[in-house]
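Understanding the architecture of this molecule
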Amino acid sequence: MDLLEYQGKGLFAAHDVPVPDGRHATTVDDAVAAANEIGYPCVVKAQVAIGKRGKAGGIKVAKDEAEARAHAEAILGMDIRGFQVHDLWIETASEIAAEYYASIVLDRSEKKLLAMLSRMGGMDVEEVVETDPEALVRRHVAPGRDLTVDEAREIAIDAGIDEDVTDQVAELLVKLAQVAVVEDATLLEVNPLIVTGDRRVVALDSKATIDNNALFRHPELAELTDRSSEDPQEAMAKQRGLTYVKLGGEIGILGNGAGLCMSTLDVVAQAGGRPANFLDAGGGSKADAIVAALEVITSDPNVTAILFNIFGGITRCDEIANGIIEASERIDIDVPLVVRLDGTNSEEGLGILAEAELGNLHVEQTMLGAAETVVGLAGEGR
Amino acid sequence: MSIIVDGQTKLVVSGLTGREGSFHGLRNRAYGTDLVAGVTPGKGGQDVEGVPVFDAIREAVAERDANTSMIFVPARFAAAAIEEAIEAGVETVIAITEGIPVLDMLRVYWRAQEAGVRLIGPNCPGVLSPGKANVGIIPAQFFDSGSIGVVSKSGTLTYQIGNELKQAGMGNSSIVGIGGDPIVGSDFIDVLAMFEADEETEGIVMVGEIGGDAEERAADFIAESVSKPVVAYIAGFTAPPGKQMGHAGAIISGSEGTAEAKKQALEARGVRVGRSPTETAQLAVGAMRAL
């Protein structure tokens, strides 16, 4: 899961990584109260999981209470490239003498944590690499131990950080690497990492990705939510314990297994259709799971046809067939359903479906045939 | 021959007393795998359908000569179980468990490297060598014995391709599910090298998906070090950046890890990439007939 700026800063603060004083607010009145408490000038920042908020008008400096109110009113509810602002972060304004970039990221290829530091902050790291690759210093953390202060100082020196703040930056990098390990973060990015007018090193922004698999040992993080990027179907699927990703097309997809499900999306796209979603029904795929999955898919108003692509391994196709029939009795499915069943007990499954004589059901033998049929039906339903 | 599991495999299952562990462990035994022991702390002395259960893997190694460990314990205990297996001195650890924290796997990966233990998975369907041994959850009925080696990040997609190969009269030396997590014990390159060295394997099918750069690195490795024909399939062309597609590793960040980039890297190295699982199976059949 990706944390919003204020959630990431909360995490930083809890581990003594210096951040500006700030308050979280969800209403205009709370925002004004927070601003009064912090003092002026302060910054009103939109909390959305997308970059370049400033350019979109989502970050404004307030000199007094009237400005704080005006900015909070303007920013709350604002749509920033598809993300609605539900949360604000009110923060004391910082005087910026220098902008750096720092991050700790999981390097899958090398199977190590990677520390990165640049004296060119404020822009995307990709941009830094393009403009001046030398300006980004990359160093792996040795497996099984922490980044040491000496290593971090070396990184800071190589990156050309101002000499008087080398120790502060090194210390922050060490802490950041510790936070990654302790909090199960696969990405911690501070951009910009600033030097203030009085030469203090402070994290002015935060980007953090926490490993979903590790949330069981971070109950306080598991409770954090991001309403700005929440999609109604994705929220519904999460409640039902399903792996669902909204894709925006009109063909609802249900497969078993992540790989087969992704492959199904590709084959539908090749046949000229646009998938509405990714939905992995998982290994067991019992009747209840199928009912839950169909409830989520049919709640998407864009869906005009549904494709079921099942290759039964451990999953038995007769159970899937019974699940489909049960689902059709329990919920109203008013779009055509194309089913391809193959693998364990596929003949029994197909027999069960044939006997049920469901009006909206089309059975196909192959993945390609099923994709072509569902694309045709989705076109008719539009 | 075959790779990783065969007639010499003596299997100990961590989590054999659990519902999933006993179902699949006994299924593996029914297939012909030599299941010698189960391990569940606190349940030593019991048995599961005649298979002795120990408190620790070390005891299963000492008393039953176990050389291969399968991990079927819940995610939050799985990393410790893998480490226990590594320390107990088995040669191979196959971790089926899904949902192990990635930083735990980082630690475990280097432990296995240092100890020289072959780790497959986690979050994988296991390894099947048709006619010899099955360790994991791969449904053996979709595969015949033969000369095509399969290495895959995905379970069901592999069954689909294996079934199409079987219908075309082709069989497999071994089917290796390496798993779809960001950090896995063995990557495509590790398994490709084993297939290249395996006499029985004459051709290889590689099934990848979006995320990371394992497929791109495999493409370079194939060009340099694999003499046998390789056919590939990549899933996830329609996946949007930043969204996790089921497998924890299947996420595109920045420009890295797209299906198109992987396909191009493989094709640039002379590996043919099928557009669908069906076409991939057909390409593999064609490549084998051309030998």
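Cut-offs applied
Residues numbered from 1 in each chain as written. Chains lettered and ligands numbered in written order. Predicted model: local features only at pLDDT ≥ 70, side-chain atom pairs only at ≥ 80, totals over all residues. Heavy atoms only, no water. Pairing = 2+ DSSP bridges. Helix = DSSP H or I, 4+ residues; strand = E, 2+ residues; numbered from the N terminus. Axes fitted to C-alpha atoms, helices over the stretch in contact; angles between N-to-C directions. 1 Å grid on protein atoms, 1.4 Å probe; cavity = no way out; pocket = protein on both sides within 12 Å on 5 of 7 lines; lining within 4 Å. Points joined across faces, edges and corners; volume = space filled by probe spheres on them. Nonpolar A, V, L, I, M, F, W, Y, C, P; charged D, E, K, R; others polar. Contact = heavy atoms within 4.5 Å. Buried area = accessible area lost by both parts, 1.4 Å probe. Salt bridge = Lys/Arg side-chain N within 4 Å of Asp/Glu carboxyl O. Polar contact = N/O pair within 3.5 Å; in protein donor to acceptor, adjacent residues only side chain to side chain. Core = buried A, V, L, I, M, F, W, Y, C linked by side-chain atoms within 4.5 Å. Buried < 20%, exposed > 50% of the residue type's maximum accessible area, 1.4 Å probe, protein only.

Some remarks on the sheet that holds strand β2 (residues 22-25) of chain A
Residues and elements named next belong to chain A.
- The antiparallel open sheet is built from four strands, whose spatial order is β2-β7-β3-β4. Edge strands, defined here as strands with exactly one partner in the open sheet, are β2 and β4 (59-62). Each neighbouring strand pair of the sheet contributes to a mean axis angle of 20°, computed without reference to strand direction.
- Direction of pairing for strand β3 (residues 42-46) relative to strand β7 (residues 88-92): antiparallel, over a ladder of five bridges. Within β7, the residue paired with C42 across the bridge is T92.

With respect to empty space enclosed by the protein
- Within the structure shown, the criterion is met by two cavities of 30 Å³ or more.
- Surrounding the largest cavity, 14 residues form its lining, R108 of chain A together with D181, P182, D187 and A214 of chain B being those nearest its centre.
- Grouping the amino acids of the lining of the largest cavity by side-chain chemistry returns four nonpolar, three polar and seven charged.
- Approximately 30 Å³ is the volume found for the second largest cavity.
- For the lining of the second largest cavity, the secondary structure elements donating two or more residues are β12 (203-209) and α9 (277-289) of chain B.
- Split into classes, the residues belonging to the lining of the second largest cavity amount to eight nonpolar, one polar and no charged.

Digging into the interface of chain B and chain A
- On the side of chain A, 46 residues touch chain B, which itself brings 53 residues to the contact.
- Interface area, chain B with chain A, both sides summed: about 3800 Å², of which 62% is carbon and sulfur.
- Across the chain B-chain A interface, the total number found is three salt bridges.
- Scanning the region where chain B abuts chain A turns up 15 residue pairs in polar contact (both at pLDDT 80 or more).
- Of all the secondary-structure elements, those providing two or more residues to the side of chain B that touches chain A are α1 (19-31), α4 (102-115), α5 (156-167) and β13 (230-235) of chain B.
- A total of six residues in the side of chain B that touches chain A trace back to one element, the largest contributor, which is α4 of chain B.

Some words on the sheet that holds strand β6 (residues 92-95) of chain B
Residue and element names in this part refer to chain B.
- Spatially, the seven strands line up as an open sheet ordered β3-β4-β2-β1-β5-β6-β7, and their pairing is mixed. The two strands at the open ends of the sheet, each matched to only one other strand, are β3 (47-48) and β7 (118-120).
- The pairing of strand β1 (residues 10-14) with strand β2 (residues 34-39) spans five bridges and is parallel. In the strand pairing of β2, V12 is matched with A37.

Comments concerning the nonpolar core
- Ranked by internal contacts, the top residues of the largest apolar core, which has 92 residues, are L192 and M206 of chain B.
- Contacts of L192 of chain B, omitting those with residues within four sequence positions, involve V151, I204, M206, A218, F221, I222 and V226 of chain B.
- L106 and A203 of chain A together with A88 and L119 of chain B belong to the second-largest nonpolar core, a separate cluster that totals 73 residues.

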